[in-house]
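Each chain, letter by letter, is given below.
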Amino acid sequence: TNALGAIGGEYAGPPLLAALRNASALQNDWVLESFPSMFGAIGPAALEPLRRIAKDQTYSWSLRSTALDGMAAMTIAWPKYCRDVFDFIASIVEDAHEDQTLRGLACSPLLDFRMGQYRRTLEQFLTKEEACRREDPSYSMDFDRAWMERELASDIPQLDSYTRDW
């Protein structure tokens, strides 16, 4: 898997996608953590396959979240895809029919990359989270307003998990 990520390029994409699915099926979280940066190295050739994984509700939220993070990582080297990628990620956050855990995890790249233009999307999601918390005090929220504000106020993106050296 690491060798495929190091090779990069479009030819590494299909076997790396298969490895991603296998790691998810085996619930191998420590391997999953490296995939976003690997897909970032592959670039645009990975974009549509990752988008299909992210939209496929038959996959686990963990696999789908990793696909979203891989799409976000790709924008570091290919910034011309930023709007397309982050609009797609925001659409996951906005979709009330999506898995709530996935929606919360999809907020992470928006916050990590300091995508203030999606503030309204993040606020609407947070309002839903707060309502769930009022109904069930044991409900675990993904983040709170103060944390969101701190993240969006920062000029320095938090890209460690998207640029991990494997």
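Residues numbered from 1 in each chain as written. Predicted model: local features only at pLDDT ≥ 70, side-chain atom pairs only at ≥ 80, totals over all residues. Heavy atoms only, no water.

Engineer: What is the right way to read the packing of helix α6 (residues 61–77) against helix α7 (residues 82–94) from this model?
Structural biologist: A pair of packed helices is captured by two measures, namely the crossing angle of their axes and the spacing between those axes. Closest axis-to-axis distance for the α6/α7 pair is 9 Å, and the angle between their directions is 155°. One way to sum up the angle between α6 and α7 is to call them roughly antiparallel. Crossing geometry of α6 relative to α7 is assigned as left-handed. Every residue of α7 that contacts α6 at L68, M71, A72, M74 and T75 is listed here: C82, V85, F86, F88, I89 and I92. Considering only residue class, the contact of α6 with α7 consists of 10 nonpolar, 1 polar and no charged. (Axes fitted to C-alpha atoms, helices over the stretch in contact; angles between N-to-C directions. Helix = DSSP H or I, 4+ residues; strand = E, 2+ residues; numbered from the N terminus. Parallel < 35°, antiparallel > 145°, perpendicular 65-115°, else oblique. Left-handed = near helix turned anticlockwise from the far one by under 90°. Contact = heavy atoms within 4.5 Å. Nonpolar A, V, L, I, M, F, W, Y, C, P; charged D, E, K, R; others polar.)

Engineer: Where do I start with the pattern of salt bridges in this structure?
Structural biologist: Pairing is possible between side chains that carry opposite charge, provided their charged atoms lie close to one another. Tallying each qualifying case throughout the model produces 7 salt bridges. The closest approach of N and O atoms between R64 and E98, which form a salt bridge, is 2.7 Å. Remark: E98 occurs in the loop between α7 and α8 (100–112) and R64 occurs in helix α6; sequence separation between them is 34 residues. A single burial state applies to R64 and to E98, both of which are buried. E151 is the salt-bridge partner of R114, the closest N and O atoms lying 2.7 Å from each other. One end of the pair, R114, is in the loop between α8 and α9 (119–135); the other, E151, is in helix α10 (residues 145–153), and 37 residues separate them in sequence. The pair R114 / E151 is uniform in exposure class, with both members buried. Each of E48, R51 and D84 takes part in salt bridges that share partners, so that together they form one network. (Salt bridge = Lys/Arg side-chain N within 4 Å of Asp/Glu carboxyl O. Buried < 20%, exposed > 50% of the residue type's maximum accessible area, 1.4 Å probe, protein only.)

Engineer: What is the right way to read the packing of aromatic side chains from this model?
Structural biologist: The way to describe two aromatic rings as a pair is by their centre distance and the angle between their planes. All chains considered together, the criterion is met by 4 aromatic pairs. Both rings, one in F86 and one in F113, keep their centres 5.1 Å apart while their planes meet at 55°; by these two values the pair is tilted. Here the residue F86 occupies a position in helix α7, and F113 occupies one in the loop between α8 and α9, the gap between them amounting to 27 residues. For the pair shown, F86 and F113 are each scored as buried. Through a chain of ring-to-ring contacts, three or more aromatic side chains come together here, namely F86, F113 and Y162. R51 extends its terminal NZ or CZ atom over the ring of F88, reaching a point 4.9 Å from the ring centre. (Phe/Tyr/Trp six-rings, centres within 6.5 Å; stacked < 30°, edge-to-face > 60°. Lys NZ or Arg CZ within 6 Å of the ring centre and 35° of its normal.)

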